[in-house]
Amino acid sequence: MTRYDGDRADGERTFAALPPVRGRGSVRTWWGRAWLAALEGTALDAGQLKAGRGLARAGAVGAVSVRPGLITAVVRDRDGTAHRADVLLQELSGEQWDRFLAMAVERAGHVAALLDREMPTHLVEDAELAGVELLPGLGDLEPECDCGAWDHCGHTAALCYQVARLLDRDPFVLLLMRGRGERALLDALQARGDASAGPAVRPEGVDAAEAYAAGDILPSLPDVPALPTEPGIPPSLDTETAPGAGIDPRALEFLAGRTAAQAHRMLAEALGEGHGPRPGEPEPTVARDAVRLAAGDPGRAAADRLADGSGRGREGLAVAVRAWRHGGPEALDVLDGEWTPDAGSLARARAALEAAWDEDERPALRARANRWTVVGACVQLRLGRDGRWWPYRKERGRWVPAGGAARDPATALASAERAFGQ
């Protein structure tokens, strides 16, 4: 059982400081982990979460005071400096409590589970169906700390980790934060149970025939949500549980971050003016997607894995990343693919080359497939399948991209020459 320093009233409970904890994760119940998910999905600084977890595990969190809408404790830094940390959680309204109590009275097993210090998932699900959110969601845990941090700091994070351990032992702690202590809640349930034995009351609701007749009347769609200013921050995988064999948490965090950035970009395009239906992009190959990921600066360890997985090696991947940054998949196709233009494409290419320079300024070009190399120089033009020209230069015996594409071959070649001269 949870030990208390004392209870001032049913509206407040004070829990003695918990001892340090070592070994595997200290939070074992699903509702305790859901509480931590609300914290870890909201905090902007994963380093502060890690610091808070360490303080909580080291026993640096003092007695925890829990009352409706607020939890408070004194948290000591590694150097012994004490800080008062508060975390606020919105209380349920009177109407929400009425709905919760009505639901709980109809399902006696829920009350029995709470008395056994359990919170089964179906209790939370039934409460949600009644319009009552018991567990906090993202952004619901609001931090306040005298250290001056505006977001979750190590002290408020430590308090949240400690409260998760308290919730493990007694889910009534959560209900108190939401506005009702254990005694008040049980008294209200008892009163409702007695009242339910009275005369039958016509249930609320809509006649089934009326509901069916109105089935084709649909509400209007909600407004399109505003585009976030930047991609979301995936939760930290720096947890107390050791990763499984072959799992690299840092690589997974990088993949999650790149996925969030890609989703943000696609959403921005979809919400942009003039955006209409477009054909879906083909599934990228592993080799191509490795280049896309490597262009996101994943760090040395992940970059080495991408170099091996793509089959390009470290230097080859660096060149491919350079191409990707100049023009994405199209630039990568030009780097990797040598193709022979058909008669029409070749005629248009030669006409563009003829028109790009005056007679006395035109460089001598040696052609092979879709590549035109300047004779006596380490610069080259490559023709893309869309008719654009891509500049290349030779570095240490390897042709590398030197800039973005241009419709005018002279402009593209000038880019290569400038890059070569740098």
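Details of the structure are given in the entry above.
Residues numbered from 1 in each chain as written. Predicted model: local features only at pLDDT ≥ 70, side-chain atom pairs only at ≥ 80, totals over all residues. Heavy atoms only, no water.

1. Some remarks on the pattern of salt bridges
Step number 1: Under the criterion given, the structure shown has 21 salt bridges.
Step number 2: Across the pair Arg 117 and Asp 170 runs a salt bridge, and its minimum N-O distance is 3.3 Å. Residue Arg 117 is located in the loop between helix H4 (108–115) and helix H5 (121–129), and its partner Asp 170 is located in the loop between helix H6 (154–169) and helix H7 (172–177); the two are separated by 53 residues in the primary sequence.
Step number 3: With a relative accessible area of 14%, Arg 117 lands in the buried category.
Step number 4: Across the pair Glu 338 and Arg 368 runs a salt bridge whose closest N-O atoms are separated by 2.9 Å. Separated by 30 residues along the polypeptide, Glu 338 in the loop between helix H13 (313–336) and helix H14 (343–356) and Arg 368 in strand E7 (residues 365–368) bring together distant segments of the chain.
Step number 5: Judged by its relative accessible area of 41%, Glu 338 falls in the partly exposed class.
Step number 6: Overlapping salt bridges, with partners in common, bring together Arg 13, Arg 117, Asp 170 and Glu 182 in one network. (Salt bridge = Lys/Arg side-chain N within 4 Å of Asp/Glu carboxyl O. Helix = DSSP H or I, 4+ residues; strand = E, 2+ residues; numbered from the N terminus. Buried < 20%, exposed > 50% of the residue type's maximum accessible area, 1.4 Å probe, protein only.)

2. A closer look at the pairing of strand E10 (residues 389–395)
Step number 1: Most of E10 is tucked away, with 5 of its 7 residues classed as buried.
Step number 2: With 5 bridges joining them, strand E9 (residues 379–383) and E10 adopt antiparallel strand pairing. Opposite Leu 381, over in E10, you have Pro 391 as the bridge partner.
Step number 3: The turn joining E9 and E10, which pair antiparallel and follow one another in sequence, is formed by 5 residues; a positive phi near 90 degrees is taken by Gly 387.
Step number 4: Here E10 pairs with strand E11 (residues 398–401) via 4 bridges, running antiparallel. Looking across to E11, one finds that Tyr 392 is bridged to Pro 401.
Step number 5: In sequence, E10 turns back onto E11 through a hairpin of 2 residues, with Arg 396 there showing a positive phi of about 50 degrees. (Pairing = 2+ DSSP bridges.)

3. Overview of a nonpolar patch on the surface
Step number 1: Side chains of Val 224, Leu 227, Leu 267 and Leu 271 sit close together on the surface and give an oily, nonpolar patch of about 320 Å² of accessible area.
Step number 2: For Leu 271, the position within the fold is in helix H10 (residues 249–271).
Step number 3: Here Leu 271 falls in the partly exposed class, since its relative accessible area comes to 38%. (Patch = residues over 30% accessible without salt bridge, like charges linked within 9 Å, V, L, I, M, F, W, Y side chains within 5 Å. Areas by Shrake-Rupley, 256 points an atom, 1.4 Å probe, with all protein chains shown as cover.)

4. Thoughts on H14
Step number 1: Taking 1.5 Å of rise per residue, the 14 residues of H14 would be expected to cover 20 Å, and the 20 Å separating its terminal C-alpha atoms lies within 8% of that figure.
Step number 2: Of all the positions in H14, only Ser 345, Ala 349 and Leu 353 are classed as buried. Along the axis of H14, the buried positions cluster into a sector of 70 degrees, meaning they face one direction only. The exposed set on the far side of H14, more than 90 degrees from its buried face, consists of Ala 343, Arg 348, Arg 350, Glu 354 and Ala 355. (Expected span 1.5 Å × (residues − 1). Arc of directions from axis to C-beta.)

5. Topic: the side chain of Arg 292
Step number 1: Of note, Arg 292 is situated in helix H11 (residues 286–294).
Step number 2: For Arg 292, the side chain forms a polar contact with the side chain of Asp 289, separated by 2.7 Å.
Step number 3: Each residue touching Arg 292, except ones within four places of it in the same chain, is listed here: Gln 262 and Trp 324. (Polar contact = N/O pair within 3.5 Å; in protein donor to acceptor, adjacent residues only side chain to side chain. Contact = heavy atoms within 4.5 Å.)

6. Some points on a negative patch on the surface
Step number 1: A cluster of acidic residues, Glu 125, Glu 128, Glu 133, Asp 140, Glu 142 and Glu 144, forms a negative patch on the protein surface.
Step number 2: At the level of secondary structure, the elements contributing two or more residues to the negative patch comprise H5 and strand E6 (142–145).
Step number 3: Mapped onto the elements of the fold, Glu 133 is located in the loop between H5 and E6.
Step number 4: The class for Glu 133 is partly exposed, based on a relative accessible area of 45%. (Lys, Arg positive; Asp, Glu negative; His and termini not counted. Charge placed at Lys NZ, Arg CZ, Asp CG, Glu CD.)

7. Comments concerning the nonpolar core
Step number 1: With 57 residues, the main nonpolar core has Trp 35, Phe 100, Leu 134, Leu 174 and Met 177 as its most contacted residues.
Step number 2: In contact with Leu 174, other than residues within four places in its own chain, are Trp 35, Leu 89, Met 119, Leu 134, Leu 135, Pro 136 and Leu 167.
Step number 3: Counting residues in each nonpolar core, the second largest holds 22 residues, with Leu 293, Leu 317, Leu 332 and Val 334 among its members. (Core = buried A, V, L, I, M, F, W, Y, C linked by side-chain atoms within 4.5 Å.)

8. Points about the packing of aromatic side chains
Step number 1: Summed over the entire model, instances satisfying the criterion amount to 3 aromatic pairs.
Step number 2: Geometrically, the ring pair formed by Trp 97 and Phe 100 is edge-to-face, given 5.7 Å between the ring centres and 85 degrees between the ring planes. Placement of the pair is Trp 97 and Phe 100 together in helix H3 (residues 94–106), with a separation of 3 residues, close to one helical turn. Each member of the pair, Trp 97 as well as Phe 100, is classed as buried.
Step number 3: With 5.3 Å between their ring centres and 65 degrees between their planes, Trp 372 and Trp 389 make a pair best called edge-to-face. (Phe/Tyr/Trp six-rings, centres within 6.5 Å; stacked < 30°, edge-to-face > 60°.)

These figures come from the coordinates and say nothing about function on their own.
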